[in-house]
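# Summary of structural features
So you can see what is in the structure, the chains are spelled out below.
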Amino acid sequence: MNKNILESLRFGARSWKLWILLVSLLVAVIIPHLLPRYPIHLLNLFLIGCLFALSYNILLGNTGLLSFGHAAYFGLGAYGVALLMKKAGIHYFLAIPMSLIITGIIAAIIGYFCSRVVAMSFAILTLAFGELLFTIASKWYTFTGGDDGIQSVYPPSIIASSARFYYFTLIVVTLASITIWRIFHSPFGYTLQCIRDNRPKSESIGINVRRYQWMAFIISGIFAGLAGSLSVTLNWTVAPTEMGWVKGGEPLVMTIVGGQYVFGGPIIGAAIFTFFHFFVGQITLYWALVIGIVLALVVRFLPGGIGGYIQERMAIKRQTLSSGV
Amino acid sequence: MTSVTFVTFINQFISGATYGLVLFMVALGLALIFGVMSIVNLAHGSLYMMGAFFGYFIWFAFKDMHFSFWLSVLLAGLAVAGAGLILEFLLRPFYRRGHTDQLLFTYAFTYIIADLVKMFWGGRYYTLPRPPGLEGSLTMAGIMLPTYNLFIIGVSLLICVLLWFLLARTKLGKIIRAAVFDREMVGILGIRLPWLFAFVFGIGAFVAGAAGLLAAPMGSIGVGMDAEIIVPVFVVCIIGGMGSFLGALIASLIVGEVYAFGILILPQMAMAFMFVVVIVILIIRPQGLFGRS
Amino acid sequence: MKRYFPRKVSVWGIAILTSWFISLPYTQAANPEPVKIGLITDLTGAAYVNARDSADGAKLAVDRMNAAGGILGRKVELLVRDSALKTDLGVSHARELILDKKVNFMMGPISSGVRLAISDVCRTFKVPLIDCIGGSVSLHEERGHDYFWQISVSTAGESYGAAVGCSKFKKIKTLATLAPDYVWGRQEVEGFTEPFKKMRPEVKVLENFWPKLGEKDYTPYITVIIAKKPDLLYSVLYGGDWVNFVKQAKPYGLFEKMLVFCFAEASAQMALGKEAPENTWGFARAPAVSIGTAEMKSFVKEYKEKIGRFPGDTSVTTYDAIYAFKYGAEKAKSTDGPAWVKAMKGASVPTLRGIVKFRECDNLSNSPEYIGPMAFDPQYGFAIFKPAEAVDTLPIARTCEETMELRKKAKK
């Protein structure tokens, strides 16, 4: 009976994975009633980071494209919501989809140019576009509020309380994550993996590499924009720095440290980044030094990140068990 | 009206050339390292910043000596070259690992170096006066041009000439050019590649560090210098073609002048013009002006 | 594949380090009931010098206060955070200080933009925020609220003072403005241009220049300013930006070609030292060495002895803010936010600059703006006001009715 439920949910063959998921969901649901306010704020940051990193991994882990300018779409989602709410008076729940459409359009334009190049040029070009959007956001004083950004962006009263906003974020991020999971495990996702593993070969079997990269870019950008929309109503403010190259480093670190080849990798990375950041910040100012060393160590010794490492250990365990040693 | 615009034109031209040639000095190291070792060093801007900081404090210690500024440039360059050698050693496992991993590893180092600088020297800004003899301005055809800017233009062109001489006329230069062309072959021919690579990285780091201090009197030294310089420098390398020195020179002049004249047109968005150029180049000629496809 | 560092070690190492880090904040002994004051300031970036002065002024105030018994007999603890001119950092620090550290009072950063964002957080959680720097009118006008208090001078007041000063130069026919491109800079120019045009309608404003805050290279702006040939340049660049500008502009002879009326807060003047340009007039909010009250003189003396430098303008206003917290807490006999606000409404508070009164409707103080010609003084080692004249800033402020209207419109 278990197997049938699992297969109809298409979540994969191992029931224990499902149990972990259910237990974490249960914990996630009870938690706002157990914790004081500030840790809930951190949890919200973690959830938004998860979504941001998962969106990033569509490009990195799934398609093999390293982008340094991903924060631009996060920022677009945030600014989109902020501007629509403040300047056009549109209600929050309508502003989010509209902002995502705008983000998608801009990601499509930028992605069109970026998907034409590979590897290093791609990385630098995404960085260049990211900086361009950052410059526009910080200079266009009359529209975007310049360097100060936009403030007083409050969520509607239904979700304004700490616990309720948390539930809202939890629901949105969970649904989005499930969607991204489905994308990873769809023919589209497998095609992207093909492109990641061997670009020339993919081209030779007739895959339109450029078009797939372009579409991955757009999808990835839209989810990043969703993360940004959540972020602006968590912080009640958005500023150009949320589009720049420093912010762009966040999903990169989360994904690489957590593991880009495992679905749960970015989630692990987001957890490490958010909570580590808070605790390290209590002791020292030099957070960047610590995370730089962690990133360097991971890139050097743990390619595949922590998620990849765990997966390897599990694979080895399975092997030793099955070979009867 | 015409005299006003002519003066402005010359001023912007010199200003743009100065900025562009500072970019060139940093891009030179990057191009050299990429050309010879095929390593992308995202932390090159951090080396530039280190040079400025080291240099400032060396200068400060020797403030009352004659030629303290020049001594500082030399010592700062050497200090950064040393740091570069350490970085090169750490990068050795990455020769085979592809550009993506190199980008990630050197990206981690931008964080590390930036925070180390902050740890030793704080988050504040330091200002360095122009060295004695170069403080004022020269008046040519009725236009006041700051002497120091002209000096920077001169120095970077000198470095360019020295580099050309090294590459074209010396045996070491021949080896370097050969290594750019076919690294393995050079190794087979008995040249000790690790030494060659260390030397090349060291030269690149030296020039970047020296450039950091040389550029300092025209602005200020502070954290954030690394991020500010690395994007334009990479843009320059991409426009010129990764690994091409001539490309880096021409591209840096283009970028510098586009920025300087961009300020006249749209002062707020001058940076944007630079990005427009790189986007256009990458679409028309993805390998850059002088790059190998 | 050769591995220098076994994977198991790396993973376990990270796990152990993480657990240690997590336990640290909770293994430190808790202080019995001190009064906590949070100061978020921009210690990294172009505003470093002003931020450092603000933090130093705060520390001196807290030390003096604790030596005299603290607030309501409780020790005062100062928590300082760096917002690095970044709004998101400022907001996350504000939340951390208010929600996690439970500070009773807050003081804001150098950047008005970041302060606006923090003001929102303070309003939501009912923590009084005293603006110890001075800044954008938006802070007390349309974005003002009961928990925001302006003990320094707003952009309207300050630029009005500058306009009064500039209007005295009868010979000028044209002028240009130079300001950093963010809310504060924009309002300093607006607040100057409007009253100045009323006082001297015949003077033409040639152009407004907007370099970004923290701009490194001013030469493109310098060459264009000189080309436009204004008689007067009104500049509100501050801190490292002003120092940079002066160093880059001097070789072009800018200061010989026009009269410069500039924001002359002491931190930048001290950084310039002898390199301060001639032919300049200045305006500032709290030029400590040029104000002659007895309290100020004793403050300057103690500051120089303890910290080794002369105080900057932000040192004075931050010090004043901390003593204002004490004043209100003692009047309300409580450090509770709403009680403090109630006690402080319309109050007159002693400061280093004299008695300062808060307006009841919007908590705006009647602090004056100081203007005067700048000259290098070898006794101090930097250019100071010779002399400083105090200009009353309340005449230019909006009436209470206008402010309330603006707030209603902004609420939406």
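One can find the structure itself at the top, above this paragraph.
Okay, so let's go over this structure. Since we're looking at a predicted model, the values are computed, not measured.

About the cut-offs
- Throughout, a residue's number is its position along its own chain's written sequence, starting from 1.
- Chains carry letters from A onward and ligands carry numbers from 1 onward, assigned in written order.
- For this predicted model, a pLDDT threshold of at least 70 governs which residues receive local features, and a threshold of 80 or more governs which side-chain atom pairs are given and counted, while totals over whole chains, interfaces and linings are taken from all residues.
- Side-chain measures here rest on the full set of heavy atoms in the structure, leaving out hydrogens and waters.
- Only runs of H or I of at least four residues qualify as helices and only runs of E of at least two qualify as strands under DSSP, and these elements are numbered from the N terminus.
- The quantity called the radius of gyration is restricted to C-alpha atoms. Its globule counterpart is 2.2 Å times the number of residues to the power 0.38.
- The cut-offs for exposure are 20% and 50% of the maximum accessible area for each residue type, with area from a 1.4 Å probe on protein chains only; residues under the lower value are buried, those over the upper are exposed, and the others partly exposed.
- Residue contacts are counted whenever heavy atoms from the two residues lie within 4.5 Å of one another.
- Here the accessible surface of atoms and residues is derived via Shrake-Rupley with a 1.4 Å probe, and residues count as covered only by protein chains that are part of the display.
- Buried Ala, Val, Leu, Ile, Met, Phe, Trp, Tyr and Cys residues form a nonpolar core when they are joined through side-chain atoms within 4.5 Å.
- Axis lines are fitted to C-alpha atoms, over the contacting stretch for helices. Their N-to-C directions set the angle, which ranges from 0 to 180 degrees.
- These descriptions rest on fixed angle ranges, namely under 35 degrees for roughly parallel, over 145 for roughly antiparallel, 65 to 115 for roughly perpendicular, and the rest for oblique.
- Residue type decides the class: Asp, Glu, Lys and Arg count as charged, Ala, Val, Leu, Ile, Met, Phe, Trp, Tyr, Cys and Pro as nonpolar, and the leftover types, Gly among them, as polar.
- Counted as salt bridges are all cases of a side-chain nitrogen of Lys or Arg within 4 Å of a carboxyl oxygen of Asp or Glu.
- When two parts are brought into contact, each loses some accessible area as probed by a 1.4 Å sphere; the total of that loss over both is the buried area.
- We define a polar contact as two N or O atoms separated by no more than 3.5 Å, with the added condition that, inside protein, one atom must be a possible hydrogen donor and the other a possible acceptor, whereas residues neighbouring each other in sequence contribute only through side-chain atom pairs.
- When DSSP finds two or more bridges between two strands, those strands count as paired.
- Distance thresholds for patches are 9 Å for like charges and 5 Å for nonpolar side chains (Val, Leu, Ile, Met, Phe, Trp, Tyr), applied to residues having over 30% relative accessible area and no salt bridge.
- In summary, the pairing rule links any two rings of Phe, Tyr or Trp, Trp by its six-membered ring, whose centres are within 6.5 Å, and it sorts them by plane angle into stacked for under 30 degrees, edge-to-face for over 60 and tilted for everything else.
- Take the residue count of a helix, subtract one, and multiply by 1.5 Å to get its expected span.
- Handedness rule for crossovers: strands pointing away from the viewer, path from the first strand over the helix to the second running clockwise, crossover right-handed.

## Section: the overall build of chain C
What chain C contains, in helices and strands, is 14 helices and 15 strands. For 412 residues, the compact-globule estimate of 2.2 N^0.38 gives 22 Å, and chain C sits close to it at 23 Å. C-alpha extents for chain C along the principal axes are approximately 70 × 70 × 50 Å. Buried positions account for 64% of the 412 residues belonging to chain C. Residue pairs in contact within chain C that sit at least 24 positions apart in sequence constitute 69% of those at least 6 positions apart. For chain C, the accessible area works out to roughly 15400 Å², and carbon and sulfur atoms hold 57% of it.

## Describing the overall build of chain B
Within chain B, the secondary structure is distributed over eleven helices and two strands. Listed N to C, the secondary structure of chain B is α-α-α-α-β-β-α-α-α-α-α-α-α in terms of helices and strands. Taking 2.2 N^0.38 as the reference for a compact globule, 293 residues should give roughly 19 Å; the C-alpha atoms of chain B span a radius of gyration of 19 Å, in line with that estimate. When the backbone C-alpha atoms are referred to their principal axes, chain B occupies close to 65 × 50 × 35 Å.

## Here's the deal with the nonpolar core
A:L51, A:F68, A:L252, A:L295 and B:L214 are the most contacted members of the largest nonpolar core, which totals 216 residues. It is helix α1 (residues 2-37) of chain B that contributes the most residues to this core, 18 residues altogether. Apart from the residues within four sequence positions on either side, A:L252 is in contact with A:Y56, A:L66, A:S67, A:F68, A:L295, B:L104 and B:Y107. Residues A:F279, C:L213, C:L259 and C:A324 belong to the second largest nonpolar core, which totals 104 residues.

## Points about the packing of helix α8 (residues 162-184) of chain A against helix α11 (residues 209-235) of chain A
All names here are of chain A. The geometry of α8 relative to α11 is characterised by a closest axis approach of 11 Å and an angle of 175° between their N-to-C directions. The angle between α8 and α11 places the two elements in the roughly antiparallel class. For the pair α8 and α11, the contacting residues are F165, F168, T169, V172, V173, A176, T179, I180 and I183 in the first and I219, F223, L226, L230, T233 and L234 in the second. The residue inventory of the contact of α8 with α11, partitioned by class, reads twelve nonpolar, three polar and no charged.

## As for the pattern of salt bridges
All names here are of chain C. In the structure shown here, the tally under the stated rule is 29 salt bridges over all chains. R309 is paired through a salt bridge with D56; the nearest N and O atoms lie 2.5 Å apart. Linking R309 in the loop between α11 (294-307) and α12 (313-332) with D56 in helix α2 (residues 48-67), this pair joins segments that are 253 residues apart in sequence. Exposure remark for D56: the relative accessible area of 10% places this residue in the buried category. Taking the shortest distance from any N to any O, the salt bridge between K306 and E302 comes out at 2.6 Å. Taken as a pair, K306 and E302 lie in helix α11 at a separation of four residues, close to a single helical turn. By relative accessible area, which is 19% here, E302 ends up buried. Among the ionic contacts, a cluster of salt bridges with common partners joins R81, E96, D100 and K101.

## Side note on the interface of chain A and chain B
Think of interface size as the accessible area that goes away when the parts come together; that is how it is often given. Each side of the interface is counted separately: chain A has 35 residues, and chain B has 36 residues. It is A:M120, A:W245 and A:Y286 that lose the most area in chain A upon contact with chain B, and together they represent 20% of the buried surface on that side. Connecting chain A to chain B are zero salt bridges. The tally of links between chain A and chain B comes to four residue pairs in polar contact (both at pLDDT 80 or more). Broken down by secondary-structure element, the contributors of at least two residues to the side of chain A that touches chain B are α6 (119-139), α12 (245-258) and α14 (287-301) of chain A. Per element, the largest residue contribution to the side of chain A that touches chain B is 13 residues, and it comes from α6(A). In the side of chain A that touches chain B, the residues fall into 28 nonpolar, four polar and three charged.

## Quick look at the environment of C:W281
All names here are of chain C. With respect to the secondary-structure elements, W281 resides in strand β10 (residues 280-284). A sequence separation of 90 residues divides W281 from I371, and the C-alpha atoms of the two residues are 7.5 Å apart. Residues within four places of W281 in sequence aside, it is in contact with F169, V260, F261, C262, G372, P373 and M374.

## Remarks on the interface of chain B and chain C
On the chain C side, the residues contacting the 29 residues of chain B number 25 residues. Taken over both partners, the interface formed by chain B and chain C buries close to 2200 Å², and the fraction arising from carbon and sulfur atoms is 53%. Our count for the chain B to chain C interface comes out at two residue pairs in polar contact (both at pLDDT 80 or more). Contributing elements (two or more residues each) for the side of chain B that touches chain C: α1, β2 (143-146), α9 (225-240) and α10 (245-265) of chain B. Looking at the side of chain B that touches chain C element by element, the count peaks at five residues for α1(B). Looking at the side of chain B that touches chain C, its residues break down into 13 nonpolar, eleven polar and five charged.

## Concerning the pairing of strand β14 (residues 382-385) of chain C
Residues and elements named next belong to chain C. Of the pairings in the sheet, the one linking strand β13 (residues 369-377) to β14 comprises four bridges and is antiparallel in character. By the bridge assignment for β14, D377 is matched with F382. The antiparallel pairing of β13 with β14 creates a hairpin that spans four residues between the two strands, and G381 there sits at a positive phi of about 90°.

## Here's the deal with a nonpolar patch on the surface
All names here are of chain A. Taken together, L26, V29, I30, L34 and L35 make up a surface patch of nonpolar side chains, about 460 Å² in accessible area. Looking at where L34 falls in the secondary structure, it is placed in the loop between α2 (15-30) and α3 (37-62). Residue L34 is classed as exposed on the basis of its relative accessible area, which comes to 64%.

## Examining the packing of aromatic side chains
Residues and elements named next belong to chain A. Summed over the entire model, instances satisfying the criterion amount to 72 aromatic pairs over all chains. Aromatic side chains Y112 and W214 sit 5.4 Å apart centroid to centroid with 65° between the ring planes, which places their arrangement in the edge-to-face category. One end of the pair, Y112, is in helix α5 (residues 92-114); the other, W214, is in helix α11, with 102 residues separating them in the sequence. The exposure class assigned to W214 is partly exposed, which follows from its relative accessible area of 28%. With a centroid separation of 6.4 Å and 70° between ring planes, the pair formed by F276 and W287 is classed as edge-to-face. Note that F276 is positioned in helix α13 (residues 265-283) and W287 in helix α14, a separation of eleven residues in sequence.

## Description of helix α6 (residues 183-199) of chain C
Residue and element names in this part refer to chain C. Under the 1.5 Å per step criterion, the end-to-end length of α6 is 25 Å for 17 residues, consistent within 8% with the ideal 24 Å. Most of α6 sits out of view: twelve of its 17 residues are buried. Those residues of α6 that fall on the buried side of the exposure criterion are V183, W184, G185, R186, Q187, E188, V189, G191, F192, T193, P195 and F196.

## A few points about the sheet that holds strand β2 (residues 76-82) of chain C
Residues and elements named next belong to chain C. One open sheet holds the five strands; their spatial order is β2-β1-β3-β4-β5, and the pairing between them is parallel. Across the chains shown, the open sheet's two edge strands, defined by having one partner strand only, are β2 and β5 (148-150). Sheet twist, expressed as the mean angle between neighbouring strand axes with direction ignored, is 25°. As defined by bridge partners, strand β3 (residues 105-107) adjoins strand β4 (residues 129-131) across two bridges and the pair is classed as parallel. Within β4, the residue paired with M107 across the bridge is I130.

## Focus on the pairing of β10(C)
Residues and elements named next belong to chain C. Across the five residues of β10, four count as buried, placing the element largely inside the fold. Inspection of the sheet shows strand β9 (residues 259-263) paired to β10 by four bridges, in the parallel sense. Counted as the bridge partner of F263 is F283 from β10. Note that the unit made of β9, helix α10 (residues 266-272) and β10 has a crossover that is right-handed.

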